[in-house]
Amino acid sequence: MIRLLTYRLNGRERTDAVPDNVLLLDHLRETVGLTGTKTGCDGGECGACTVLVDGAPVLSCLTLSATVAGRSVETVESLAEGGRLAFIQEGFHRKLGSQCGYCTPGLIMASEALLRQDPDPSEDAIREALGSNICRCTGYVKIIEAVRWAAESSAARSGSPAEPAR
Amino acid sequence: MERFGLSQPVPRREDPRLLRGEGCFIDDRTPPGALHAVVLRAPFAHARIASLDAAPARSAPGVRAVYTGADLAAAGVAEVACTAAPPETQWSGIREGDRFRERRQPALVADRVRFVGECVAFVVAETRRQALDASERIEVDYDPLPAVTACDEAPHGPPVWDDAADNVSFRWEIGDAAATSSAFAAAHRIVRRRIVNNRAQLCPLETRGTIAEYHAHTNRWTLHVPTQMPHGVRRQLAQVFGVGEERFRVLVEDVGGGFGGKNSLYPEQILCAVAARDLGRSVKWVADRSEAFLGDNHGRDLVSHAELALDAEHRVLALRMRNFANLGAYTASRGATPPTLGPLMAANTYRIPALHVDVAACFTHTVPTDPYRGAGRPEGLYVVERLMDAAARETGLDPVEFRRRNLIPPDAFPYRSPTGLLYDPCEFAQVIESAFERADAAGFPARRAEAKAQGRLRGLGIANYVERCGGGAGLSERSDLLVDPDGAVTLLIGSMSNGQGHETAYSQILYERLGLPFEKIRIVQGDTDRVASGTGTGGSWSLPMGGGAVVHAVDRLVETAKPIAADSLEAAVEDVEFRDGAFRVAGTDLAISFADTAARAAAEGRVRSDGAPGLEAVAVFEPGNYTFPYGTHLCEVEVDPETGAVRIAAYTAVHDFGQVLNPLLLAGQVHGGLAQGLGQALLERTAYDGEGQLLSASFMDYCIPRADDLPDFGFEPWITPSPGNPLDIKGCGEAGAAGSPPAAINAVLDALASAGVHDFDMPATPERVWRALRAARIASGD
C-alpha cells in the first residue's frame, strides 16, 4: 500500500508517496535521488548505507521508509555548508580517510554521529563506534586520524569564537 | 609553491566529490529508459543441465528478453580467452611434454555447470524486480555430479573437464632441477613444510556492474564499467564479439575498489552488451553482495610442499617447492599469472644458490581465480618466509639471525636471482635494523613476560620481502598532454585509479614540472575514445610507468614550445631554458610564461590532433626493468589460550619505495595492503562444503577486518632512489599485502610455540587457534 510520508530530510520537511515495503536506502537513492548513501551488502553487514535518524546512526538498508514519519533524516549530502566541508569531511580530506570513496559516506555519517554524542572520543571509542562499517581500502588508521582531527578542530573552534564557522 | 609538488602530503583532488556523496559509481547512474538485468546462477558446483525451459520467464510481466547458453552460442558470442599464458623464459616454462590446457569461460553455460554461481541465464526486464521475479520462473533440471574444491585433491578428484582427466591445466617449472637435487643430496639438514595459502575473496565495497548502450546509427557500443583496465576490457570485448576494438567505447567513472578483481572482462558485461544491441535500449546490471561473492573471481589458493636444504653453518643451499595452484573451473583472463608469478619471488631477499619450483595449476569446481593484490608474489613470499622461521626453529637459531646469515650481501648487487630477476641494489640488513629499532624489538622479552603473567601468549613475527613490480617486461604506458590557449593542460592517461588517488599524483607531477596550479590541470582517464591506449592499473605500475610517461611528455612539450618562446623572446632556441613555469633567456631576466607561450602557439595557428587550437605532446614510457621495493615487517600478537583469540598488539613496517611522491597516498597504499594481508592471515576463510557450496558468501560469513580488528600501523619509508624510472619511485600498491601474512603467522607461531604448536595454516581465527592449542595439549598428554 502506498502512503504519504512526511519527514524532515537534510533540514527540510518533505512529503513523498511511498509504498509500505520500500527501504529507506532505496527511497533515498531512487525516489529522492540522493545517491551519496551507498548499497554495499545485502542487508546490515557493511554500514555503507548509514544515515542519521534523529541524530542517531541507522542502517538505511534495514529501515523501512515508513518508520521515519515525523522524524529527521540526515544524509552525507547535508554536511557541507555553503561550499565548505564540515569538520568531519575536512578531517577525511586532510588525513586521507577515503580511498575509493564507496564506504566513505557511511563512515562519515557514523563518525558524525559519534562526535555529536562524544566530542572527544578516544581511539578505542572510535574503533568501536566505526566497527559496523567496512572499509576495504584504508586499514582504518587514517579514518581514525580523520575523526580525531575533526574532534580537535571542532573543540578549537568552539574555544575561539572569532574563528569562522566551519 | 612547494605545497603541491613532489614529496608533499597533498590532500586529494578526488576528495571533495567523494566526501560530499557526489562520486559517480556504477549504481549511481541509470540512463533514462534503461532496462534492468538479473543473472540466474548455478546452484550446484558440478551438474549436467538436463533441460532448461525459459518460456515461463519470457512471458512474465515486463520481460524484454531472456538469454540462455544456447542463445549465446547461436549468436556467435565467443568465450573469454586467457590473456596471459604461462610465461616461457630462459629460467622457466611449461614442463617438457606438457601443454597449457586453456578452458575458456562462456558468458552463459549451456550444458554443464562447473561452479556455484556460474551464469546460466540472463533476464532483461523493465524493472529489476520484474527481472528477479522472472528469473525464478526459469525451469532448470540439473543432474548433480560429484565436485572437488581443494587444489591438492584435484588430480584425484572428479574431472572438471573430461579431456583433462587429472584436472591439471598446466605443469610449469622454474629454476634448475638438477642443481637443486644435488644440493639436497649434499645437505646437512632438510626442513620441510606443507604450507597452505588460503583462498581469498577480494570484496571491493562497490560490487561489479555494467551499463551497456548500443548506438545503431554508428554500430558502436558504449559500456560503462567500473574497471581497472578500460582498454583491456575493450580488447577482450572485441575478441568475444569478433569485431574491431573501435566498435566499443569503455567509459569509467569512480571505481569503488578493485584489488585485481576489476582487471578483466566478466560474463555479465558481455551479456549487457548483447542485450543492449538486440533490444536497442540501455541495459543495466549491478551485482548484489552475494553475487559478488559467488561471481567475482577469487584470489590466492595454493598448497605448497616446500623444502629447504641447509649446510652445517645454517646457510641455505637450495629451495624446492611442489605447488598445487587452484585455478577454479576455468582459466580466467589472468588466471595463469599468480601460480607462475609467485615462484619468481621464491628466493625473496636471500642468497639461495639452487632453486626449483614445480607448479601444477589445477581445475576445481570453484570460482576461477585471478590476480589479487600481489598476484602470486604474496603467495611465494609467504612460503619462503614461513620456511625461514621453520628452519630457524629447527636449527635453534634466532629467526632474525638465521635470516641475516642468508641475506643477499650488499656487494652482490645488481643481483641476478636464481629465477632470473635482476634486483636493484637493496639495503636489506639496514632495513631490518631500522624495523627492529622502530618496533623496540629489544623490549619484546619484557612484553612477553608481562603477557605471560596475565595468562596470555605473546609472539613476535618477522617477514622480509622484495618484489618485482612497477612495469617491466615490455609493459608501457602512454601519456598525452593537450595544452589550451590559456595554458591549461589536460593529461590523457591509460592507467585507471580505483582508489589510489591518481588525479592527485599526476597533478603533482605536472605542478612540479610545468609550474601549473591544480585548477589549470585536468586529468582524463577511463575513456577509451579519448585516451588512445592504456595498460590500466595493476601490478603497482601506474605511477612508476604512467608517471614516467608524464615526465617524458612534459619534456617533449617543453621542447615543442621552446622555439615559440624563443621567437617571442627574440632569442636563440639554445639560449632558452624552462624553469619555474616560464621560458627564460639564460643569464637575463627576459621570460615568457608557459600560459603566454601557449596563447602564442594558438595564435600562430598551431592545432592539436583533436582539432582544437594549442600545443600537444605525447610520450610512451617502457621501463627497462621492474622496480624492486623491499622491506621488513614486524608483527607482535597476543593470544588468549582460553579462547584462541588473536590480538595484534603492534605492527611495524619499514619499506623502501624509492622517492616518495606523496606520503599521504603512500601511507594509504601501505596501510590498505597491510589490512588485506592481515585479514587473510587472521580472519578471512573462504569455505566450501563437500559438495562445493560456497559457505562464506556474505560479510557475516566471510570476515574482512573492521576498525576494531586492526592496530595502529607503524610505517616508515626507507628511501633509496629507484634507477628504473624518471621519478625514482618504486611500486607500492602490493607490498603491504605481501609482507603482512607471513609476519602475522610467524608471530602467531612464535606465541604458540611454548604451548607446543609448531605448525599452523592461515587464517588464525579463534576457533582454529583454539583447536591447534587443544591438539598440542592432547598430543603432549597434558
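Residues numbered from 1 in each chain as written. Chains lettered and ligands numbered in written order. Predicted model: local features only at pLDDT ≥ 70, side-chain atom pairs only at ≥ 80, totals over all residues. Heavy atoms only, no water.

**A closer look at the domain arrangement of chain A**
Residues and elements named next belong to chain A.
Phase 1 of the analysis: Its domain assignment divides chain A into domain 1 (2-78) and domain 2 (87-159).
Phase 2 of the analysis: Each partner contributes residues to the interface: domain 1 has 15 residues there, and domain 2 has 13 residues.
Phase 3 of the analysis: Our enumeration of links across domain 1 and domain 2 arrives at one salt bridge.
Phase 4 of the analysis: A salt bridge links glutamate 74 to arginine 116, with the shortest nitrogen-to-oxygen separation between them at 2.8 Å.
Phase 5 of the analysis: Our enumeration of links across domain 1 and domain 2 arrives at four residue pairs in polar contact (both at pLDDT 80 or more).
Phase 6 of the analysis: Partitioning the side of domain 1 that touches domain 2 into residue classes produces five nonpolar, seven polar and three charged. (Domains from an automatic or database assignment. Contact = heavy atoms within 4.5 Å. Salt bridge = Lys/Arg side-chain N within 4 Å of Asp/Glu carboxyl O. Polar contact = N/O pair within 3.5 Å; in protein donor to acceptor, adjacent residues only side chain to side chain. Nonpolar A, V, L, I, M, F, W, Y, C, P; charged D, E, K, R; others polar.)

**Examining the sheet that holds strand β21 (residues 489-493) of chain B**
Residue and element names in this part refer to chain B.
Phase 1 of the analysis: One open sheet holds the four strands; their spatial order is β22-β21-β20-β26, and the pairing between them is mixed. Edge strands, defined here as strands with exactly one partner in the open sheet, are β22 (521-524) and β26 (615-621). For this sheet, the mean inter-axis angle between neighbouring strands, taken without regard to orientation, is 15°.
Phase 2 of the analysis: Relative to β22, β21 runs parallel, the two being bridged by four bridges. Across the sheet, the residue bridging to valine 489 is isoleucine 521, located in β22.
Phase 3 of the analysis: Each of β20 (477-483), β21 and β22 is contacted by helix α14 (residues 502-514), which is oriented at about 140° to β22, the strand it contacts most.
Phase 4 of the analysis: Across the sheet, helix α15 (residues 542-569) is in contact with β20, β21 and β26; its angle to β26 comes to roughly 145°. (Pairing = 2+ DSSP bridges. Helix = DSSP H or I, 4+ residues; strand = E, 2+ residues; numbered from the N terminus. Axes fitted to C-alpha atoms, helices over the stretch in contact; angles between N-to-C directions.)

**Let's talk about the environment of Thr50(A)**
Residues and elements named next belong to chain A.
Phase 1 of the analysis: Looking at the secondary structure, you find threonine 50 in strand β3 (residues 50-53).
Phase 2 of the analysis: For the pair threonine 50 and isoleucine 2, spaced 48 residues apart in sequence, the C-alpha separation works out to 25 Å.
Phase 3 of the analysis: With sequence-adjacent residues up to four places away left out, threonine 50 is seen in contact with Pro57, Val58, Leu59, Pro105, Gly106, Met109, Ala110 and Asn133.
Phase 4 of the analysis: A polar contact is formed between the side chain of threonine 50 and the backbone oxygen of glycine 47, at a distance of 2.6 Å.

**Examining the packing of aromatic side chains**
Phase 1 of the analysis: Tallied over the full model, the rule gives 25 aromatic pairs over all chains.
Phase 2 of the analysis: Aromatic side chains Phe87(A) and Trp149(A) sit 6.5 Å apart centroid to centroid with 55° between the ring planes, which places their arrangement in the tilted category. One end of the pair, Phe87(A), is in helix α2 (residues 87-95); the other, Trp149(A), is in helix α5 (residues 141-159), with 62 residues separating them in the sequence.
Phase 3 of the analysis: With relative accessibility at 18%, the residue Phe87(A) sits in the buried group.
Phase 4 of the analysis: You can call Trp149(A) buried: its relative accessible area is 18%.
Phase 5 of the analysis: Arranged with centres 5.2 Å apart and planes meeting at 40°, the rings of Tyr423(B) and Phe628(B) form a pair that is tilted. Within this pair, whereas Tyr423(B) is found in strand β18 (residues 422-423), its partner Phe628(B) is found in the loop between β26 and β27 (630-639), the two being separated by 205 residues in sequence. Judged on exposure class, the residue Tyr423(B) and its partner Phe628(B) are both buried.
Phase 6 of the analysis: An aromatic cluster of three or more residues is present, and its members are Phe413(B), Tyr415(B), Tyr423(B), Phe428(B), Phe628(B) and Tyr630(B).
Phase 7 of the analysis: Over the face of the ring belonging to Trp161(B) we find Arg103(B), whose NZ or CZ atom lies 5.9 Å from the ring centre. (Phe/Tyr/Trp six-rings, centres within 6.5 Å; stacked < 30°, edge-to-face > 60°. Buried < 20%, exposed > 50% of the residue type's maximum accessible area, 1.4 Å probe, protein only. Lys NZ or Arg CZ within 6 Å of the ring centre and 35° of its normal.)

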